[in-house]
Structures are given as C-alpha cells and as structure tokens.
Amino acid sequence: MTYLLTHFWAWGVSAFAVGLATALSVARRSERGPVAGWLVWFALAFAAGLPVAMLGLLPGRSGFWLETGLLLFPAFLVGAGLGALLGRHSLRDNEGWAIGLLPLALIWLGADVLATRSVEQDLKRKTASVIEKLGGDPAYLDVAGRDIRLPRDAANRAAAEAEIAQIPGVRRIADVDGLAGSAAKNYENAVTARRAAREGEASPPPASSLAPAPDSAEPPPNGAKGAGAPAAPSGPAAKSKDQARNGVKPAPAAPPAVAPELARPAAPGSTAAPSEPARSATAAGEPEQSAAAAAIPASGELDVPTCQKALTGALAREPVRFSRQGAGVRRASTGALDKAIGLLQRCPQTEVDVRVRAEGGDRPARTLARDRAARIVDYLGRMGVERGRLSVAGESGRPVSKDAPEAESGSGVDFLLSPRR
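A brief report on the enclosed structure follows.

What counts, and at which threshold
- Residues numbered from 1 in each chain as written.
- Predicted model: local features only at pLDDT ≥ 70, side-chain atom pairs only at ≥ 80, totals over all residues.
- Heavy atoms only, no water.
- Helix = DSSP H or I, 4+ residues; strand = E, 2+ residues; numbered from the N terminus.
- Buried < 20%, exposed > 50% of the residue type's maximum accessible area, 1.4 Å probe, protein only.
- Contact = heavy atoms within 4.5 Å.
- Areas by Shrake-Rupley, 256 points an atom, 1.4 Å probe, with all protein chains shown as cover.
- Core = buried A, V, L, I, M, F, W, Y, C linked by side-chain atoms within 4.5 Å.
- Salt bridge = Lys/Arg side-chain N within 4 Å of Asp/Glu carboxyl O.
- Phe/Tyr/Trp six-rings, centres within 6.5 Å; stacked < 30°, edge-to-face > 60°.
- Axes fitted to C-alpha atoms, helices over the stretch in contact; angles between N-to-C directions.
- Parallel < 35°, antiparallel > 145°, perpendicular 65-115°, else oblique.
- Nonpolar A, V, L, I, M, F, W, Y, C, P; charged D, E, K, R; others polar.

Describing the overall build of the chain
The secondary structure content of the chain amounts to twelve helices and six strands. The buried share of the chain, taken over its 421 residues, is 40%. Expressed as a percentage of contacts within the chain between residues at least 6 apart in sequence, the contacts between residues at least 24 apart total 75%. When the accessible surface of the chain is totalled, it reaches about 23,400 Å², and 59% of it is carbon and sulfur.

Let's talk about the nonpolar core
Ranked by internal contacts, the top residues of the largest apolar core, which has 34 residues, are Leu311, Val354, Ile376, Leu380 and Phe415. Counting only elements with at least two residues in this core, the list comes to helix H10 (304–317), helix H11 (334–344), strand S4 (350–356), helix H12 (363–382) and strand S6 (413–419). Of all the elements, H12 adds the most residues to this core, at seven residues. Filtering out sequence-adjacent residues up to four positions away, isoleucine 376 remains in contact with Phe322, Val329, Leu337, Val354, Val356, Val413 and Phe415.

Quick notes on the pattern of salt bridges
Summed over the entire model, instances satisfying the criterion amount to 16 salt bridges. Two residues, arginine 149 and aspartate 142, come together in a salt bridge whose shortest N-O distance is 3.7 Å. Judged by its relative accessible area of 35%, arginine 149 is partly exposed. Judged by relative accessible area, aspartate 142 falls into the buried class, the value being 17%.

As for the packing of aromatic side chains
Within the structure shown, the criterion is met by six aromatic pairs. Summarising the aromatic geometry, the rings of tyrosine 140 and tyrosine 187 are spaced 5.2 Å apart at their centres and angled 50° between planes, so their arrangement reads as tilted. Of this pair, tyrosine 140 sits in the loop between helix H4 (101–133) and strand S1 (142–144) while tyrosine 187 sits in helix H6 (residues 182–202), placing them 47 residues apart in sequence. A relative accessible area of 2% places tyrosine 140 in the buried class. What makes tyrosine 187 buried here is its relative accessible area of 6%. An aromatic cluster is built from Trp38, Phe42, Phe46 and Phe73, whose rings are joined through pairwise contacts.

Some thoughts on the packing of H10 against H11
It is at 10 Å that the axes of H10 and H11 come closest, and there the two elements cross at 175°. One finds that H10 runs roughly antiparallel with respect to H11. Here Cys307, Ala310, Leu311 and Ala314 of H10 lie close against H11, whose contacting residues are Ala340, Leu343 and Leu344. Looking at side-chain class alone, the contact of H10 with H11 contains seven nonpolar, no polar and no charged residues.

A look at unusual backbone geometry
Backbone geometry places arginine 88, a non-glycine residue, at a positive phi of 60°. Along the polypeptide, arginine 88 turns up in the loop between helix H3 (60–86) and H4. Even without a glycine there, the phi angle at asparagine 156 is positive, about 50°. Of note, asparagine 156 is situated in the loop between strand S2 (147–151) and helix H5 (157–164).

Structure representation (structure tokens):
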C-alpha cells in the first residue's frame with residue numbers, strides 16, 4: 001500500500017477534491033434511510049474486493065487496477081464527508097454524492113492508463129538490476145502491473161526469485177514458460193542491440209590503415225639505410241612476404257580473442273548454439289570507432305551520454321533509408337530501427353527527439369522530413385518504446401540536394417536524447 005501511495009498520491013488527491021466539491025455543491029438526502037442505495041452497493045463491492053487484492057487473486061494488470069480503485073474510492077468518500085461538514089450539511093445527505101462517481105471513474109481510468117507504465121518500468125528496472133547482478137540476462141523478464149513474470153528457464157532463478165521478492169512494490173513472481181507479445185519483441189531487440197555492439201567491435205579497420213605507406217624517397221645507394229627510410233621487414237613478416245613472392249600461401253594468423261555471445265538462456269536439456277566470435281576492441285590496429293564501441297557495456301542500463309554514443313554509432317553503421325517519393329521507411333531499414341529500439345530500452349529515463357534531414361530547403365521538403373520523423377516515432381511506439389518519451393523534432397542539420405546520391409539523401413536520422421523530466 002505504501003508503494004501505491006507513493007506513485008498515486010496525486011490521483012488520490014484528485015479523488016478527494018472531487019468528493020469535496022460534490023458534497024459542497026449537492027446535498028440530497030435518501031428517502032430510503034440514512035445511507036443511499038448506491039453507497040451500500042459500492043461499500044459491498046469494496047468489502048469484496050479488498051481480500052481479493054490482499055490475497056493477490058487477480059493476476060497482472062487486472063489486480064493492479066483493482067488496487068488503484070480500492071485506493072481512490074475511500075479518498076473520494078473522505079472528501080465528500082469533509083465537504084458535507086464544511087457546507088453544514090448532514091452526512092445523511094449522501095444521495096447526491098453519486099454525481100461525483102463519473103469524474104471519479106475518469107480519474108481511475110487516467111491513473112491506470114497513464115501511471116501503470118511508469119510503475120512497470122520502475123519495477124522492471126529494479127528487477128533487471130537484480131538479475132544482472134546474479135549473472136542472468138536483464139532483458140529476459142516481463143512485468144505486468146506489479147507482477148514479475150520470470151521464465152522458468154532463467155539463469156539462477158531460485159536466487160533471483162528470493163532477491164526480487166525483496167524489491168518494494170513487487171506483489172508476486174509468476175512462473176511462465178517464456179516471454180510473449182511485446183516482452184518477447186523487447187527481448188529480441190535487446191539481443192539485436194548487443195549483437196550490433198559486438199559487430200561494431202569486430203568491424204575491420206579502414207582500408208587506408210591497411211594500405212602500405214608510399215616510399216617518400218629513393219633508396220640510398222649500396223643498400224645503406226637513409227635517415228628517414230623505412231626499415232626492411234624482418235622476422236615472421238619478412239618470411240611471409242618471401243613465401244608470397246615465391247608463390248607459397250602463408251599460414252593464417254592466429255585468431256584473436258573472442259567474447260561469448262549473450263543469447264537467450266537455453267532451455268533445460270537443450271544444446272546451446274556455438275557462440276559467435278567477436279574480436280577484442282583492444283587488439284592492435286583497431287580503429288577509433290571500435291574502441292568507442294568497446295566502451296559501451298553489452299548489457300544493463302545506460303546513462304544518457306553512453307546511450308547517445310551507441311545510437312549515433314549504430315545509425316552511422318546502418319543508416320535508415322526512406323522511399324524516394326514518400327515518408328515510408330524501407331523494409332530493409334527496419335533492422336536498423338530494431339537495433340535502435342534495443343538501445344532505447346536500455347536507457348528508459350530519457351526523452352527522444354527524432355529528426356530527419358530534409359531533401360532540399362523548400363517547405364515541402366521540410367514537411368516531408370517531419371512526416372518521416374513521425375513515421376519513425378510511430379514505429380518505435382508500436383515496437384514497445386513508451387510514446388511519452390518520443391517527440392518529432394522536425395528536420396535535422398543542413399538540407400541536402402534532391403539530386404544527391406542515396407548515401408547522402410534520406411539517411412540523415414538523428415535520435416537526440418535528454419534526461420526525462
């Protein structure tokens with residue numbers, strides 16, 4: 001109950017204010033007795049719902065909605081009673097209080113629709129932190145109301161269940177065979193984002209860093225080394241070069257260190273798939289972009305700068321493409337958006353401004369850029385990102401020519417993150 005009061009105190013104050021205003025403005029006594037008929041029925045419903053909520057007989061969001069109703073109805077009655085006393089009415093003039101039930105129902109619906117998601121995200125963030133501390137996958141869970149849905153094949157499930165039960169606000173831990181619906185989609189997005197981060201670490205260095213530097217001067221006579229001349233290769237490098245010159249294929253180099261792929265925990269009795277190799281970002285010759293990707297953790301919640309860096313890098317490696325004539329996103333670009341969704345799920349306390357570069361500086365081009373940004377916002381919302389975090393910020397950066405190549409046209413998508421207010 002303390003947790004509900006912490007998150008719903010403003011809605012409870014609203015219900016109290018509705019009861020107060022109703023009793024001050026309407027005073028009508030019941031003809032059948034000291035208590036109106038509607039109040040008797042509501043009191044019986046409250047008495048029946050209270051043990052159901054306390055025993056947790058209704059699962060998921062249904063039980064959560066029942067709890068909020070049981071919280072708001074007494075606040076309404078307390079406000080109505082105080083209003084009757086302040087208006088110098090009798091508490092028996094409660095027949096007219098029924099008029100306040102309509103705004104009370106609207107407050108109840110608003111509280112459940114608007115505040116349920118924030119409660120679920122708060123519990124999910126705390127639960128994911130516990131699971132990650134125990135070595136499990138923080139994305140392999142679901143939250144419905146105040147119930148935590150933890151799959152039976154989750155790693156260290158017994159220890160995780162004991163720790164999660166101590167989190168304030170958690171009502172119960174439900175056993176499920178696996179994730180479904182939006183939870184399964186969010187888990188796939190998280191796995192895709194981790195795979196994209198490892199692909200960034202394993203990306204080869206630019207061709208320019210592999211090309212040999214041109215000779216800056218003629219070799220000195222008699223084979224003597226000049227002051228600025230490069231030294232001749234020696235050791236294994238010279239041996240490989242001599243083998244290639246004589247038509248002998250050199251032996252492959254030793255493979256770099258690999259990191260195991262974070263994947264969905266295998267079901268009991270099943271054989272796990274081999275992990276995908278990923279090159280260490282600290283290996284010699286890694287480009288600066290790979291070193292930056294290595295600084296991004298493979299799992300867990302990200303702060304605003306780290307999440308912004310990860311999103312910028314992901315969109316740079318795989319740009320979002322639009323249709324040439326309209327605002328639609330090409331089917332091949334949904335994978336890039338799914339990777340961005342996985343990263344956004346790891347920084348839930350941020351607001352996202354979506355911007356798209358305009359193809360031309362005229363008004364139709366700017367309108368098209370805003371329409372494209374709106375399409376992206378709609379896709380992110382349908383795939384599980386909270387719509388309250390998303391906003392369309394219009395066009396991004398300098399406009400490009402309509403005749404520009406595809407590498408420069410229709411791919412300027414920016415996600416600008418800011419702390420959530």
